[in-house]
Amino acid sequence: MKRKLILLIIASTLLLSACNQSSGETNSQELKENTVDSATSSPTSDESSSMESSTEDYSDYVGLWSTDGSRITDSGAEFNIEIQGNEITNASLYTQTSSYDRFAEVDNITGTIIDGTCTYEFSDDGWDNSGTLLIQLKDNTITIDVEDFVLSEDNVIGYGINGHYELIKVQDDDSQTTTSDTTLNKYNDDWTEEQILAEIDKRSQYKDETSYYPDFLRYKEVVCECTDISVDCYPLFNTDTQYYQATDFENVPPVIIHLAKNEIYARHGYIFTDEDLSNFYLTQLWYLPEVQAADFDDSVFNEYEKYNLELLSKIDTY
């Protein structure tokens, strides 16, 4: 009887040990599977942030923006932006102080948008100033701050792209209506202020495509004291109605003499083969490119122009 009891106790002990071992292996396997599942299905916080950043959509920011949500008629800023994914592929910032004052522009702005922000360093805003644009695209608005602004030593006026700009998107129909006509027109004194501004807008792209414009603008504003909207409306000199002498150009910079000589041709619609000169005269509202160089006949020059062209050709050292 005692022997049977001992055997029964031993058997029970072995059975319990086997059950515990089986349960431990099952729990260990479940824990291992749960660990593997967890590792493969849950991204880290850095991965999650990266995924959110890469899928952010900036397409709603493409288009024209301005300080008041409409095209400039008096003063303000306009920002035209093109975006693909999170890359600004091309943008331009244009500012104007008033209808009768100055304007500046930074073109060919590009960069990567990271968390709604893009930075772009510029070296010229039409006034030889430099700085960094901090462009922020958030909450359906665009703000631009100019940091590290450096005023050019030659900028005696002190104007340029600087400060803070808060921009509102211009409606598509407004933008298309205003910019659809790209045909160049020749200025005359009967034009309204609105016509002048529209023509300046059409030709503004050429200002950054010619090396002559900064010197021209400086001469107009500092020497000729012309700082209003008419700065691009008239030729530099009256070479078609007045005889000039060499002494009239003693204190005139060589680059201006060079432009004065060539504007005798430009006044008659001469199309320049020199791209730099061509782009400069395309900034001038009084100029229309009409006659190819090979077809140009200098018999169109009057007596004043013939005389002044000979004079300027002799003193042109640019």
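Before reading further, recall that the structure is shown in the block above.
Residues numbered from 1 in each chain as written. Predicted model: local features only at pLDDT ≥ 70, side-chain atom pairs only at ≥ 80, totals over all residues. Heavy atoms only, no water.

> How would you sum up the overall build of the protein? Please name residues and give values.
Within the protein, the regular secondary structure consists of eight helices and nine strands. Entry remark: accessible area of the protein is about 18400 Å², with carbon and sulfur atoms responsible for 48%. (Helix = DSSP H or I, 4+ residues; strand = E, 2+ residues; numbered from the N terminus. Areas by Shrake-Rupley, 256 points an atom, 1.4 Å probe, with all protein chains shown as cover.)

> An account of the packing of helix H6 (residues 254–266) against helix H7 (residues 275–282) is needed here, citing residue identities and associated values.
The interhelical angle for the contact between H6 and H7, taken along N-to-C directions, is 75°, at an axis separation of 11 Å. When the axis of H6 is compared with that of H7, the two are roughly perpendicular. Of H7, the residues touching H6 (which contributes His258, Leu259, Asn262, Glu263 and Ala266) are Leu277, Phe280 and Tyr281. Classifying every residue of the contact of H6 with H7 by side-chain character gives five nonpolar, two polar and one charged. (Axes fitted to C-alpha atoms, helices over the stretch in contact; angles between N-to-C directions. Parallel < 35°, antiparallel > 145°, perpendicular 65-115°, else oblique. Contact = heavy atoms within 4.5 Å. Nonpolar A, V, L, I, M, F, W, Y, C, P; charged D, E, K, R; others polar.)

> Could you give an account of a nonpolar patch on the surface, naming the residues involved and the relevant values?
Among the surface-exposed residues, Val156, Ile157, Val222 and Val223 lie close enough to one another that they form a single nonpolar patch of about 330 Å² accessible area. Note that Val156 resides in the loop between strand S8 (141–150) and strand S9 (164–169). (Patch = residues over 30% accessible without salt bridge, like charges linked within 9 Å, V, L, I, M, F, W, Y side chains within 5 Å. Salt bridge = Lys/Arg side-chain N within 4 Å of Asp/Glu carboxyl O.)

> Could you give an account of a negative patch on the surface, naming the residues involved and the relevant values?
Taken together, the side chains of Asp124, Asp208, Glu209, Asp274 and Glu275 define an acidic patch exposed on the protein surface. Relative to the assigned elements, Asp208 resides in the loop between helix H4 (193–203) and helix H5 (213–223). For Asp208, a relative accessible area of 35% puts it in the partly exposed group. (Lys, Arg positive; Asp, Glu negative; His and termini not counted. Charge placed at Lys NZ, Arg CZ, Asp CG, Glu CD. Buried < 20%, exposed > 50% of the residue type's maximum accessible area, 1.4 Å probe, protein only.)

> Please give an account of the layout of surface pockets that cites residues and values.
Considered as a void within the structure, the second largest pocket measures approximately 160 Å³ in volume. In terms of lining residues, the second largest pocket is bounded by 14 residues, among which Asp125, Gly126, Lys207, Asp208 and Tyr213 are the most central. Counting residues per element, the ones that place at least two in the lining of the second largest pocket are strand S4 (103–106) and H5. Looking at side-chain class alone, the lining of the second largest pocket contains six nonpolar, three polar and five charged residues. (1 Å grid on protein atoms, 1.4 Å probe; cavity = no way out; pocket = protein on both sides within 12 Å on 5 of 7 lines; lining within 4 Å. Points joined across faces, edges and corners; volume = space filled by probe spheres on them.)

> Tell me about the pattern of salt bridges, and please be specific about residues and values.
Within the structure shown, the criterion is met by twelve salt bridges. The shortest N-O distance in the salt bridge between Asp201 and Arg71 comes to 3.0 Å. Of this pair, Asp201 sits in helix H4 while Arg71 sits in the loop between strand S1 (63–66) and strand S2 (76–84), and the two are 130 residues apart along the sequence. Looking at Asp201, the relative accessible area reads 30%, which means it is partly exposed. On the basis of relative accessible area, Arg71 is assigned to the buried category, the value being 11%. Here the salt bridges do not stand alone but share partners, grouping Arg71, Glu78 and Asp201 into one network.

> Go over the environment of Leu197, please, and point to the residues and values.
For Leu197, the location among the structural elements is in helix H4. Separated by 124 residues in the primary sequence, Leu197 and Thr73 have C-alpha atoms spaced 7.7 Å apart.

> For the environment of Val106, give the residues involved together with the corresponding values.
Topologically, Val106 is positioned in strand S4. With 13 residues separating them in the primary sequence, Val106 and Leu93 have C-alpha atoms 5.3 Å apart. In contact with Val106, not counting residues within four places along its chain, are Ala91, Ser92, Leu93, Tyr120, Phe122, Asp124, Asp125, Leu133 and Ile161.

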